[in-house]
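Listed below, chain by chain, are the residues.
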Amino acid sequence: MTEIRLYNTRTRQKERFEPIDPANVRMYVCGPTVYDRAHLGNARPVVTFDVLYRLLKCLAKEKNWQKVTYVRNFTDVDDKINAAALKRKQAGDPRSLEELIRERTEETIGWYHADMDALGALRPGREPRATEFIGAMIAMIEDLIAKGHAYAAEGHVLFRVRSYKDYGALSGRSVDDMIAGARVEVAPFKEDPMDFVLWKPSDGDLPGWDSPWGRGRPGWHIECSAMSYELLGPSFDIHGGGIDLQFPHHENEIAQSCCAHPEGNFATIWMHNEMLLVEGKKMSKSLGNFFTVRDLLEQGVPGEVIRLVFLSTHYRSPMDWTDEKAREAKETLRTWFRLSQPEQPNPYGLHSVVPSLVNDLNTPEAIRGLHMLATHGEGAQLRAALDLLGLTPSSDWWCKGKEDRSEDGLMVGLGWSGNRSSDEIDLAWKLAFRWAGLRRDRNYPAADALRKAALLGGLELRATKNADADAEILDSFDLATLNGVELE
RNA sequence: GGCGAGUUGGCGGAGUGGUUACGCAGCGGAUUGCAAAUCCGUGUACAGGAGUUCGAUUCUCCUACUCGCCUCCA
C-alpha cells in the first residue's frame, strides 16, 4: 500500500498521512481576498494544493477513502475591498457603497476562477465566502468571550493571547519574544499588545453587521476558524496556505479554534508553500513588483506552461519566476503533448510519478518520471501521468498543423502551431517551394542563404527523406522580415 | 533585534553517510550536399572552516552570504 508522507510545519518533519475519518478526507486552504486580479504569487498555493487534491483523489480508491473534501475560502470582507469600492464611489459612481463592494467581489471571484482554471486547477468542492458566515463568526466570538478567551472593549472584541498557552507553537515564537521586538499596533483598549482583533466597529459608510458589540465587521482571522468548523468540523486533516500566513494568520486561527472547540484539535497537518520570487525578491503588494496570471496568459504563456514551471521547483523552496524557465517549459510541453495527446491514457504511467508525489509532493522528481516516459516513447502512459499532474492542454497551441502540397513536381510539407493567417501560410509555402527548387537545381549556396534568412524570420526549412522540403513556422515567425526575404 | 529556510556542475533543479537524478545549454559520434530534427555517447558539482566516522555533498558546530516572517500579503 502506498504510504503518503507530508511535511508538517507544526512538527517540522515529514509525517505519514492517515486521515482522521477514511469516509471523508478533509483539507482547508486559505484563499484570496477578492479585491483585485490574482498575481502570480497567489497562484502558487493554488497549484501546490491542487496537486495534493488530485493525488488524494487518485489514491482514494486504493486507500478505501470515500471522498476528499477540499474547502478554499473567499475573503470578501476586507478593508482593501472597502477602499477599492470607496475609490469608485469618489470617482462619481452613483451606486451605494454596498452595491459597489458586491460588484467588486463578484467580479474578482469571476476573474479568479477564470485565471485558476487556466492553470489547470480543479475547483475546490466548497468555496465559502466570509459574508455567508458572519453569523457563525459572531457565535464563535461569543463562545470565546464566554470561555474567557476574549473580551470586548470600545466596540472591539479582542482575543486574549495569554489565555492560550500554546500560542506561538506553530511559528516557533513566544509572546514575550515578540513583544520585545514589538511592531504591533498599540491600542489603549488592549490588555496585551499581542492581543488581536476578532471584531471591530464599522461606521456609517463601511459594511457592517449587527452584533452584541454593536454594528461592525469581523477581523481577518476569525473567518477561517468559523468556516472550517462549519464545513469540516473541530478536527480535520490538512490545512494549507503560503508560508507568510504561518504568522500571524495561522497562529491566530489555531488559538481561536482550539479555545472555542477544545474537543477537537483543529488541523492535524499544516502545509505551507514557499514564496514566489521575481528577480530574487518576494512578489508582494507592498513591493509593487507583481504581475498577474492574466498578464502572462495574455502574453501568450499558456496556463499549463505556468503550471509546469511551478511544479519544477519543490513547493517548500522559494521559486524564482524567469522567462527562461517559461520558454523551456513550453518546449518541453510541446514535445510531451505531441507524443501523448493522440493516445488513450494508460494508468500504468502513474507508477512513474506517484511514488515521487507521495513523498511530500516531490514534483521535480515526478517530472523526471515524465521525461523518462517521453524518452521511451510511452505516449499513453505519459498521457495518464500528465493528467494526474493537471498538465492537460488548454488549447491547440502545441499542436502541429500539417499539410503537403506539390508544385512543379516538388513535394513539400508545411507545419505550424496554433493559429496562423492565410497570408503567413501562403508566404511560408512560397519560400518552402523556392528552397526546394534551389535544392533540386543543386544551387546550394543560394539554398543555404535562403534557409538562413528564413530562419531569422521564424521559418525553419529542412530536408526530409520523403519529400523535397519540410518547413515549420516557429513562434518567432515574422511576416515583415520574410517579405523582405522574398523580394531579394 | 528575535525566529525560520536556504547555499549542489555553465544554468535550472532533485537526492543520498559509500554506487552521484532529470531538464536546458555544451561537447563527441551516427545521419545529412550542408544544416535541422532524431538517435547514441559524454560532464564526478555539492559556500568556507572545524568536528563525528573506516568513509560526508549528506550528521554536528562555527563563519560568510542569500531569502522569508515578526506589518497587508499566497
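The shown structure was predicted, so the numbers you read here are calculated from the model rather than taken from an experiment.

What counts and how
Residues numbered from 1 in each chain as written. Chains lettered and ligands numbered in written order. Predicted model: local features only at pLDDT ≥ 70, side-chain atom pairs only at ≥ 80, totals over all residues. Heavy atoms only, no water. Domains from an automatic or database assignment. 1 Å grid on protein atoms, 1.4 Å probe; cavity = no way out; pocket = protein on both sides within 12 Å on 5 of 7 lines; lining within 4 Å. Points joined across faces, edges and corners; volume = space filled by probe spheres on them. Helix = DSSP H or I, 4+ residues; strand = E, 2+ residues; numbered from the N terminus. Nonpolar A, V, L, I, M, F, W, Y, C, P; charged D, E, K, R; others polar. Near = heavy atom within 4 Å. Polar contact = N/O pair within 3.5 Å; in protein donor to acceptor, adjacent residues only side chain to side chain.

1. Regarding the domain arrangement of chain A
Once the domains are mapped, chain A shows domain 1 (5–276), domain 2 (305–388) and domain 3 (400–487). Centre-to-centre separation of domain 2 and domain 3, based on C-alpha positions: 32 Å.

2. Notes on empty space enclosed by the protein
Under the definition given, this model contains three cavities of 30 Å³ or more. Counted as a void, the largest cavity has a volume near 80 Å³. Surrounding the largest cavity, Arg44, Val47, Thr48, Val51, Phe310, Leu311, Thr313, Tyr315, Leu361 and Thr363 form its lining. If you list the elements that add at least two residues to the lining of the largest cavity, you get α1 (40–63) and α9 (303–311). No other element matches α1, which puts four residues into the lining of the largest cavity. Class assignment of the residues belonging to the lining of the largest cavity gives a composition of six nonpolar, three polar and one charged. Residues lining the lining of the largest cavity come from more than one domain, with at least three contributed by each of domain 1 (5–276) and domain 2 (305–388).

3. Some thoughts on the protein's contact with RNA strand B
Around RNA strand B lies a shell of 47 residues, among which Trp220, Leu245, Lys282, Arg368 and Glu460 are the nearest. What you see for RNA strand B is that sugar and phosphate hold 60% of its atoms within 4 Å of the protein. Contacts to RNA strand B include Gly172, whose backbone N or O atom sits 3.2 Å from a sugar or linking oxygen. Separating a phosphate oxygen of RNA strand B from a side-chain N or O atom of Lys325 is a distance of 3.1 Å. Broken down by secondary-structure element, the contributors of at least two residues to the surface near RNA strand B are α1, β9 (235–242), β12 (281–282), α10 (323–340), α12 (363–375), α15 (444–456) and β16 (459–462). Residue contributions to the surface near RNA strand B peak at five residues, all from α12. Grouping the constituent residues of the surface near RNA strand B by class yields 13 nonpolar, 17 polar and 17 charged.

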